[in-house]
Amino acid sequence: LEYIGVKLQVEKEVIESHDSFRALKGKQVFLIAATLRPETIYGVTNCWIASNGIYGVYEVVVSRDSEKTETEYYIMTPRAARNMAYQGYDAGEFGKQKEILQLSGEELIGLPLKCPECPFDRIYILPMFNVSTQKGTGVVMSVPSDSPDDYRALLDLKEKVGLREKFHLKNEWIFPFEPVPVVDVPTFGDLSAKVACEKFHVRSQNDVDALKKAKDLVYLKGFYEGKLVKGPYAGQLVQEAKNKIKNDLLSQKKAVVYCEPEFPVVSRSG
Ligand code: ZZB
């Protein structure tokens, strides 16, 4: 399975001031969000991680010549880092990942990020129960306009003060962020995740069966009938624009390719 890994940069001030990032002063640090829908990047509102997951910061050589080597630092699960080390994202030796430090999902919550092409200057890392550490990179870009999981999880955080308290979430990380129309789907409109969640009576992010139905429906509709309404390819069908957006992100170094072998995955962390 081939994902696009979107590079969400941890804000420089955080790297300079945060105690756990001492070893990374002056470095470029990115969370790598695995997506199959790169064309929805224009509607990202936040980044999801598994609060009970284990993550690491990994050193990756991105270019090398006789003068100097250029390195970047990627945050993802150890499992994803191992996979990446076999895909040209190693620290200088094929198949070897170099872990700089480990971080718990909980420590990542609330960090501000810069997301390429996204409508907000900064977005925040938030917890979602349906993020699996056994799939992709364990980091997900949230697009509540087009992903039912994201739509419902963001709404849960807005509606449930208990959830915000449990994870010590600040209002400013959540409330300014509303779904942004990106894809228009005939009969569904431009917030298809909301429509699908209402159609299948999804009441919380724990409603996994209803969420699955909602997701299957909008995946199909969005891909075959969806038309972009945001970004440089607005007006084009998703089918036509998807690969152009993917190639733009890759050539502008805003994303990397991330592959993983196909094997049975569990859909929940833990
Ligand atoms: C942005 C996005 C926008 C996504 C959308 C979906 C949709 P699949 O088919 O289940 O493999 N994802 C990636 N990694 C994880 C993870 N570790 N745990 C939970 N979810 C994960 O789906 C791949 C999608 O699942 C990815 O694409 C990512 O969310 C999420 F409008 O990225 B997507 C109808 C779906 N719409």
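Keep in mind that this is a model prediction, so the values were computed, not measured. (Residues numbered from 1 in each chain as written. Predicted model: local features only at pLDDT ≥ 70, side-chain atom pairs only at ≥ 80, totals over all residues. Heavy atoms only, no water.)

A. A look at the overall build of the chain. Scanning the chain for helices and strands turns up eight helices and twelve strands. Each principal axis of the C-alpha distribution contributes one length, and for the chain these read about 55 × 45 × 35 Å. By residue count, 51% of the 270 residues in the chain fall in the buried class. Across the chain, the fraction of contacts at a sequence separation of at least 24, relative to all contacts at a separation of at least 6, is 71%. As displayed, the chain offers around 12,500 Å² of accessible surface, 51% of which is attributable to carbon and sulfur atoms. (Helix = DSSP H or I, 4+ residues; strand = E, 2+ residues; numbered from the N terminus. Buried < 20%, exposed > 50% of the residue type's maximum accessible area, 1.4 Å probe, protein only. Contact = heavy atoms within 4.5 Å. Areas by Shrake-Rupley, 256 points an atom, 1.4 Å probe, with all protein chains shown as cover.)

B. Expanded view of the site of the ligand. Taken together, 20 residues are adjacent to the ligand, and Thr35, Ser132, Lys135, Asp146 and Lys215 come closest. Considering the ligand on its own, with 710 Å² of exposed area, one finds that the protein chains cover 90% of that surface. For the shell around the ligand, the elements supplying multiple residues, two or more each, are strand 2 (29-35), strand 9 (139-142) and helix 7 (208-225). Among the elements that line the shell around the ligand, the one with the most residues is helix 7, at three residues. Within the shell around the ligand, the residues separate by chemical class into ten nonpolar, six polar and four charged. (Near = heavy atom within 4 Å. Nonpolar A, V, L, I, M, F, W, Y, C, P; charged D, E, K, R; others polar.)

C. How the structure looks around the nonpolar core. Among the nonpolar cores identified, the biggest contains 62 residues, and Leu31 and Ile75 are the most heavily contacted of them. When neighbours within four sequence positions are excluded, leucine 31 is seen to be in contact with Val6, Lys7, Leu8, Val10, Cys47, Ile49, Ile75, Leu113, Ile125 and Val139. (Core = buried A, V, L, I, M, F, W, Y, C linked by side-chain atoms within 4.5 Å.)

D. Representation of the environment of glutamate 70 in the model. Following the sequence through the fold, glutamate 70 ends up in strand 5 (residues 69-76). Between the alpha carbons of glutamate 70 and valine 60 there is a distance of 8.5 Å; along the sequence they are ten residues apart. Other than its neighbours up to four places away in sequence, glutamate 70 contacts Val60, Val61, Val62 and Ser63.

Function cannot be read off these values alone, since they describe shape.
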